[in-house]
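Descriptive analysis of the structure
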Number of protein chains: 2
Amino acid sequence: MPSLCSADLWKTSERWDLMGKELFRLKDRHNADYCLGPTHEEAVTTLVAHQTTLSYRQLPLLLYQVSIQCLAVWGDEPKPRFGLLRGREFYMKDMYSFDMSEEAAHRTYESVCQAYTRLFARLGLRCVQVQADTGNIGGTLSHEFQLPADIGEDRLLVCGTCSFAANVETLSPDKTDCPQCSAGTLVESKGIEVGHTFYLGRKYSNIFKAIFSNHQNKPTVAEMGCYGLGVTRILAAAIEVMSTEEAIRWPGLIAPYQVCVLPPKKGSKVEEAAFLAEDLVHTLGQFLPHLRGEVVLDDRTQMTIGKRLRDAGRLGYPYVVVVGQAALEEMPKFEVICQHTGETVFLSKDGLIDLLRTVETV
Amino acid sequence: MPSLCSADLWKTSERWDLMGKELFRLKDRHNADYCLGPTHEEAVTTLVAHQTTLSYRQLPLLLYQVSIQCLAVWGDEPKPRFGLLRGREFYMKDMYSFDMSEEAAHRTYESVCQAYTRLFARLGLRCVQVQADTGNIGGTLSHEFQLPADIGEDRLLVCGTCSFAANVETLSPDKTDCPQCSAGTLVESKGIEVGHTFYLGRKYSNIFKAIFSNHQNKPTVAEMGCYGLGVTRILAAAIEVMSTEEAIRWPGLIAPYQVCVLPPKKGSKVEEAAFLAEDLVHTLGQFLPHLRGEVVLDDRTQMTIGKRLRDAGRLGYPYVVVVGQAALEEMPKFEVICQHTGETVFLSKDGLIDLLRTVETV
């Protein structure tokens, strides 16, 4: 979808005025107005409207992209806060769905929400799906996906008894009893928004005429939804909620590398173990093809193990393997530090291979 | 590198005024000026200038990205010409080099030019490297990589005797004798620009203080080059120069799929060959792992072979395999149409595997 969106489309949907200062606006050399589109309901609905032969048999239709977005309201504070969390440019996944009926559209909406929930579970992140305001995107139903965190800028109300959870924007802020189960008490917490879904209904498809032929071959307006994931924010928020002061921790699936192997310092009395470290890296590549490209040999052997361990902590390898004295003994062992649990274990080569066999990569 | 570039940097390099209407300019909500940077000399040189410990041992340093670029001068004609060739948004690869001396920087410049030449050769495209104007990027030496084509918008002068070639902008347009060998005559042709290299020297590194420590540990200003490839343009220009009226032709390496297999039409007298087509797709996947995901079975068997052949021509598969009568004979053969040569051959399954074994993929 285009980075530069024509103002005409945005005026047609009335979002040109609605968005106010959130929108980056610019002109071409003929003085025509454009904006850097933060979402693409107008563009994608127009695209679908141009498919004149769209049939109900082709629905649901889901279109998505991952792209860099620029927002005028973030990152221009005199003292920028939270680094990547509020950068002015960020990666976003946005997706738009077109369905043949309200019922089908609600099923699509539900299945995307479930996919988002699975995605955060696979990343090992606790995520809460909360009722949210539809804001300047619109529609009749909306949910945010929030990672609970003290530095979060959103205030959430979560029921202690049932599954109810909402952004405080959607409720009176002093509400304490749960509107869903009545029995529970709402507890306030803070969250970082990492995803947002909207049930749009026909808001955009009516305006831009996104039409398909139904079972009776009659032109029918599509039911829409839209769904966003803040790719950069997920990265930043995950590090925020998982890390300690000493060590960065990534969800294993998005850690840049899974394993760091540290050979002994040059000139130390166990220097001869260096070749065992190289051999280990080779063996891991051989027996664990899913870890190819995921194992780093930190061969800066002019530095002490201690210094390199500190660097490894700062880089956030889920597993750090120290090759030292224990590797030279009759029953060779490797010292393995598991970042996520903080545990250190001594394992034989086979034991290490067994441990790493279960590491999930993408 | 940022999509939104601060006007301050561009004013420091004096390109803010120089670029005129080519630049998309915009303001944030505090009225600060930005542009959508078409190239990133300012941003990348500032980045390198901030690496305070840069040593000659770390040079050459080459930094690159592939990103979407927006240009204000293209795509806003009332009747847009040449589709993808002059779209307002396009993918660009831009790279910037930092070297310790003029000599080293010239070596880097040369090796990037050679890499570009190899890249076009691997794509099977005839490409001419021509002397070019340094324009609003600057520097002391510049080359364009041009694909000769009648619809090209650049005018080139190429010597018939030696290797001299130049964009007409760099010579007097009525020049006919070669300035390099004196013996040859310059012949004019048209070209589509798909790459551009600049030897920048210290133009940006002086202004932004991109400095490294030399052998004597003295702070020294880096020598720079910059190098662009028009990714979208290469795609569009390749199709332009290779296709016929009837069939689109891609360079094999960037064709979306390499092979299309056509089973017979449902209800035809060779219908029973359908399972041989499915079997063939399976066998190709098994014996030619590099073609996995590159073979399409066009199972729209309600359509005639003729119609599907026409579609295959429009989609530009380098190889189309028709499974028909010949596949049912005692010595089964497949009809193979090679798009690039226009040839049709009948091959056994082994013969087809041998032919496709040499297909290069990325």
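The structure this text deals with has already been given above.
Just so it is clear, the model here is predicted, and its values are computed rather than measured.

Comments concerning the pairing of strand S18 (residues 344-347) of chain B
Residue and element names in this part refer to chain B. Across four bridges, the pairing between strand S17 (residues 334-338) and S18 is antiparallel. If you follow Val336 over to S18, its bridge partner there is Val345. In textbook terms, the turn of a hairpin is the stretch between consecutive antiparallel strands, and for S17 and S18 this stretch comprises five residues, one of which, Gly342, has a positive phi near 80°.

Quick notes on the pattern of salt bridges
All names here are of chain A. Scanning the entire structure with this criterion turns up 26 salt bridges over all chains. Lys27 serves as the salt-bridge partner of Asp33, at 3.0 Å between the closest nitrogen and oxygen. Accessibility expressed as a relative area gives 28% for Asp33, which makes it partly exposed. In this structure Lys27 comes out as partly exposed when scored by relative accessible area, which is 41%.

Some words on the relation of the copies chain B and chain A
Mapping chain B onto chain A leaves a residual RMSD of 0.1 Å; the transformation is a rotation of 180° accompanied by 0.1 Å of translation along its axis. Expressed as a symmetry operation, the mapping of one chain copy onto the other fits a two-fold axis. Taking C-alpha positions as the reference, the residue of chain B nearest the rotation axis is Leu26 of chain B, at 2.6 Å. Mapped onto chain A, 100% of the interface residues of chain B are again interface residues, and the two copies thus contact each other with one and the same surface.

Some remarks on the sheet that holds strand S18 (residues 344-347) of chain A
Residue and element names in this part refer to chain A. Spatially, S15-S14-S16-S17-S18 is the arrangement adopted by the five strands of the open sheet, whose pairing is mixed. The sheet is open, and its two edges are formed by strand S15 (295-297) and S18, each paired on a single side. Across the sheet, the mean angle separating the axes of adjacent strands is 25° when strand polarity is ignored. Each of strand S14 (259-262), S15, strand S16 (319-322) and strand S17 (334-338) is contacted by helix H7 (residues 274-287), which is oriented at about 165° to S15, the strand it contacts most.

Here's the deal with unusual backbone geometry
The linkage connecting Leu59 of chain A with the following residue, Pro60 of chain A, adopts the cis geometry, with an omega of 0°. Structurally, Pro60 of chain A can be placed in the loop between helix H3 (41-49) and strand S4 (61-70). Backbone geometry places Glu14 of chain B, a non-glycine residue, at a positive phi of 65°. On the secondary structure map, Glu14 of chain B appears in the loop between helix H1 (7-12) and helix H2 (15-18).

Things to note about the interface of chain B and chain A
Interface size is commonly expressed as the accessible surface area that is lost when the partners come together. At the junction of the two partners, chain B supplies 20 residues and chain A supplies 20 residues. Carbon and sulfur atoms make up 54% of the area that chain B and chain A hide from each other, which totals about 1800 Å². The tally of links from chain B across to chain A stands at four residue pairs in polar contact (both at pLDDT 80 or more). With four residues, the single largest contributor to the side of chain B that touches chain A is strand S2 (residues 24-27) of chain B. Looking at side-chain class alone, the side of chain B that touches chain A contains ten nonpolar, two polar and eight charged residues.

The rules behind the values
- Residues numbered from 1 in each chain as written.
- Chains lettered and ligands numbered in written order.
- Predicted model: local features only at pLDDT ≥ 70, side-chain atom pairs only at ≥ 80, totals over all residues.
- Heavy atoms only, no water.
- Pairing = 2+ DSSP bridges.
- Helix = DSSP H or I, 4+ residues; strand = E, 2+ residues; numbered from the N terminus.
- Salt bridge = Lys/Arg side-chain N within 4 Å of Asp/Glu carboxyl O.
- Buried < 20%, exposed > 50% of the residue type's maximum accessible area, 1.4 Å probe, protein only.
- Least-squares fit on C-alpha atoms with pLDDT ≥ 70 in both.
- Contact = heavy atoms within 4.5 Å.
- Axes fitted to C-alpha atoms, helices over the stretch in contact; angles between N-to-C directions.
- Buried area = accessible area lost by both parts, 1.4 Å probe.
- Polar contact = N/O pair within 3.5 Å; in protein donor to acceptor, adjacent residues only side chain to side chain.
- Nonpolar A, V, L, I, M, F, W, Y, C, P; charged D, E, K, R; others polar.

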